[in-house]
Amino acid sequence: MADFSKVLWSDLAEVVYPRCCVHCGVELSQAERYYCFRCETQSGLNRDYNLTSNQLVDVLKGRVPIAGAHFLFYFYKHTLIQSLLHELKYRNNPELGRYLGRMHARLLVEHNALRFPKESLLIPVPLHIQKQKKRGYNQAEEYAKGLSEYSGIPVCTGALVRKRYAGTLTKKNRLMRWVTLKEMYHLSDPELVRERHCILVDDIFTTGATVERCYQQLIRARISGCSLLTIAFASRI
């Protein structure tokens with residue numbers, strides 16, 4: 001009876017407040033979640049599952065010795081991924097981050113590409129405590145939780161902290177990001193990551209400045225290696 005009531009109220013809620021695609025606004029079917037099939041076909045999903053030779057690795061070459069890297073979507077303005085990131089960051093929807101994390105891990109497993117060392121940890125890029133308190137959560141951490149749920153790789157949130165508050169970096173070039181991010185991150189507990197393979201996790205990759213600054217802190221703990229997973233790659237914004 002309780003299960004029937006739950007289903008009944010769920011169906012009633014969808015009649016009153018129908019679920020709609022975060023990008024185009026069309027009403028979703030029971031088989032769709034967050035976005036419609038039509039928008040999915042134009043989503044810019046990354047179908048290259050070579051983690052050691054790709055665009056992320058190329059951008060970081062000579063800056064961060066990345067063992068493996070992968071992104072879920074290409075980022076382009078006015079497309080599904082921009083709507084998804086906006087929903088995740090500004091619409092109080094942490095579950096979307098976990099959903100995308102599970103989706104990313106599942107695709108990597110299905111393509112036999114989830115080959116990180118056993119001592120690996122997922123390290124979400126931290127938010128400043130002021131920004132996280134305002135938002136209610138760290139979107140990179142929610143994404144990491146989804147990755148962990150499917151892959152079994154633990155999430156570590158206590159090793160890196162963000163010391164200084166800064167506004168959005170979206171419109172800044174590589175040099176300005178580098179200057180802004182100077183001394184932004186701090187290794188607060190080296191023992192949590194010592195001799196572990198650290199998989200940095202972020203929502204979007206642009207110039208690589210954030211990854212570089214985080215890596216410079218992590219190597220102080222003598223980590224065994226570094227990889228990267230991100231929701232989106234902005235090859236050009």
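Because the structure is a prediction, the values reported are computed rather than measured. (Residues numbered from 1 in each chain as written. Predicted model: local features only at pLDDT ≥ 70, side-chain atom pairs only at ≥ 80, totals over all residues. Heavy atoms only, no water.)

Trainee: Teacher, can you tell me more about the overall build of the protein chain here?
Mentor: The secondary structure content of the protein chain amounts to 9 helices and 6 strands. By the burial criterion, 49% of the 237 residues in the protein chain qualify as buried. The long-range fraction of contacts in the protein chain, counting pairs at least 24 apart against all pairs at least 6 apart in sequence, stands at 74%. Just so you have it, the protein chain exposes about 12,600 Å², and 52% of that area is on carbon and sulfur atoms. (Helix = DSSP H or I, 4+ residues; strand = E, 2+ residues; numbered from the N terminus. Buried < 20%, exposed > 50% of the residue type's maximum accessible area, 1.4 Å probe, protein only. Contact = heavy atoms within 4.5 Å. Areas by Shrake-Rupley, 256 points an atom, 1.4 Å probe, with all protein chains shown as cover.)

Trainee: Just checking my understanding: could you explain helix α9 (residues 209-218) for this structure?
Mentor: What sets the pattern is the α-helix's 3.6 residues per turn: residues three or four places apart point alike. Where burial is concerned, most of α9 is hidden: 9 out of the 10 residues are buried. Residues A209, T210, V211, E212, R213, C214, Y215, Q217 and L218 constitute the buried set of α9.

Trainee: It is not clear to me how helix α7 (residues 139-151) should be interpreted in this structure. Could you clarify?
Mentor: The terminal C-alpha atoms of α7 lie 18 Å apart, and with 13 residues this matches the ideal 18 Å at 1.5 Å per residue to within 8%. Residues of α7 that are buried include every one of Q139, A140, E141, E142, Y143, A144, G146, L147 and S148, and no others. Taken together, the buried residues of α7 touch α4 (80-90), α5 (94-110), β2 (120-124), α6 (129-135), β5 (197-205) and β6 (225-233). Taking the backbone nitrogen of A140 as reference, a side-chain oxygen 3.0 Å away marks N138 as the first, capping residue of α7. At the C-terminal side of α7, G152 shows a positive phi close to 85 degrees. (Expected span 1.5 Å × (residues − 1). Polar contact = N/O pair within 3.5 Å; in protein donor to acceptor, adjacent residues only side chain to side chain.)

Trainee: Help me out: how do you make sense of the packing of α4 against α5 in this one?
Mentor: In helix packing, the relevant descriptors are the interaxial angle and the interaxial distance, both defined with respect to the helix axes. Relative to each other, α4 and α5 sit at 130 degrees, their axes nearing to 7 Å. Our classification of the angle between α4 and α5 gives oblique. Facing α4, whose interface residues are L84, E87 and L88, α5 presents P94, L96, G97 and L100. Residues that form the contact of α4 with α5 fall into these classes: 5 nonpolar, 1 polar and 1 charged. (Axes fitted to C-alpha atoms, helices over the stretch in contact; angles between N-to-C directions. Parallel < 35°, antiparallel > 145°, perpendicular 65-115°, else oblique. Nonpolar A, V, L, I, M, F, W, Y, C, P; charged D, E, K, R; others polar.)

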